[in-house]
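Architecture at a glance
Each chain, written out:
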Amino acid sequence: MSRWSGTKVEGLADLSKALHDLPNGLGKGTLVRFGKKRLEPMRDTAKAKAPKDKGALSESIIVGTRQGRTGNTKKARGVDRAAVEVLMGPSEDGYPQAVPEEFGSVNNKPNSYMRAAWDEHNGDLLTGIAADLGSAIDKTAKRHARRQARRG
């Protein structure tokens, strides 16, 4: 049974409307900042659990909006280009050793540092998301209104 089973998030329709009321760039920026903030604890756990003797692997674990080396673009995955994606994982600096370290290889057992970080934090990703995202959207809307008022 998935840890996501039974998780219910309410209020997303209202948040979607509030995002659509913002200029496109502001809405996307708000979602990216929010997503990055939500993934930072998982990133920190993955860094702490990653082996330190594998070069730059631990320090290469980042939160960002690009998939990196895999070349797996939004278009190739069938994701709308207007969609916002925030990802957490190793950058190109740590990528060569990331996959064999996580899943193992012929000669090495797996060291599932990313899975351990996911298991520890996946429940927190959705907890309170509507309230927290609503607050982030509200702050952005107020900032935008102040800028518009200054411009006259």
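Below is a summary of the structure that appears in this document. Just so it is clear, the structure is predicted and the values come from calculations on it, not from any experiment. (Residues numbered from 1 in each chain as written. Predicted model: local features only at pLDDT ≥ 70, side-chain atom pairs only at ≥ 80, totals over all residues. Heavy atoms only, no water.)

1. Section: the overall build of the protein
What the protein contains, in helices and strands, is seven helices and two strands. Taken from N to C terminus, the helices and strands of the protein fall in the order α-α-α-β-α-β-α-α-α. When each of the 152 residues of the protein is scored for burial, the buried share is 29%. Residue pairs in contact within the protein that sit at least 24 positions apart in sequence constitute 72% of those at least 6 positions apart. Surface accessibility of the protein: about 10,100 Å² in total, with carbon and sulfur atoms responsible for 51%. (Helix = DSSP H or I, 4+ residues; strand = E, 2+ residues; numbered from the N terminus. Buried < 20%, exposed > 50% of the residue type's maximum accessible area, 1.4 Å probe, protein only. Contact = heavy atoms within 4.5 Å. Areas by Shrake-Rupley, 256 points an atom, 1.4 Å probe, with all protein chains shown as cover.)

2. Here we look at the side chain of Thr 45
Take Thr 45: it is sitting in helix H2 (residues 24-49). For Thr 45, a relative accessible area of 10% gives the class buried. Once you skip the residues sitting within four places of it in the chain, Thr 45 turns out to touch Ala 117, Glu 120 and His 121.

3. Some thoughts on the nonpolar core
Of all hydrophobic cores here, the largest spans 14 residues; its most connected members are Leu 39, Met 42, Ala 46, Ile 61, Met 88, Tyr 113 and Met 114. Breaking this core down by element, the ones donating at least two residues are H2, strand E1 (61-64) and helix H6 (113-126). With residues near it in sequence (within four places) discarded, Met 42 still touches Met 88, Ala 117, Trp 118, His 121, Asn 122 and Leu 125. One finds Leu 19, Phe 34, Ala 130 and Leu 133 within the second-largest nonpolar core, a separate group that totals eight residues. (Core = buried A, V, L, I, M, F, W, Y, C linked by side-chain atoms within 4.5 Å.)

4. With respect to the pattern of salt bridges
Inspection of the entire model under this criterion finds seven salt bridges. We note a salt bridge from Lys 17 to Asp 21, for which the minimum N-O separation is 3.2 Å. Separated by four residues within a single helix, Lys 17 and Asp 21 lie in helix H1 (residues 12-21), roughly one turn from each other. One exposure class covers both Lys 17 and Asp 21, and it is exposed. Two residues, Asp 119 and Arg 115, come together in a salt bridge whose shortest N-O distance is 2.9 Å. Remark: Arg 115 and Asp 119 occur in helix H6; sequence separation between them is four residues, near one turn of the helix. Using a relative accessible area of 48% as the deciding quantity, one classes Arg 115 as partly exposed. (Salt bridge = Lys/Arg side-chain N within 4 Å of Asp/Glu carboxyl O.)

5. Comments concerning the packing of H2 against helix H7 (residues 129-151)
At a minimum axis distance of 10 Å, the contact between H2 and H7 shows a crossing angle of 140°. Comparing their axes, H7 and H2 come out oblique. As H2 runs across H7, the sense of the crossing is right-handed. The residues of H7 that touch H2, namely those facing Leu 26, Thr 30, Leu 31, Arg 33, Phe 34 and Arg 38, are Ile 129, Asp 132, Leu 133, Ala 136, Ile 137, Thr 140, Arg 143, His 144 and Arg 147. Of the residues in the contact of H2 with H7, the class split is seven nonpolar, three polar and five charged. (Axes fitted to C-alpha atoms, helices over the stretch in contact; angles between N-to-C directions. Parallel < 35°, antiparallel > 145°, perpendicular 65-115°, else oblique. Left-handed = near helix turned anticlockwise from the far one by under 90°. Nonpolar A, V, L, I, M, F, W, Y, C, P; charged D, E, K, R; others polar.)

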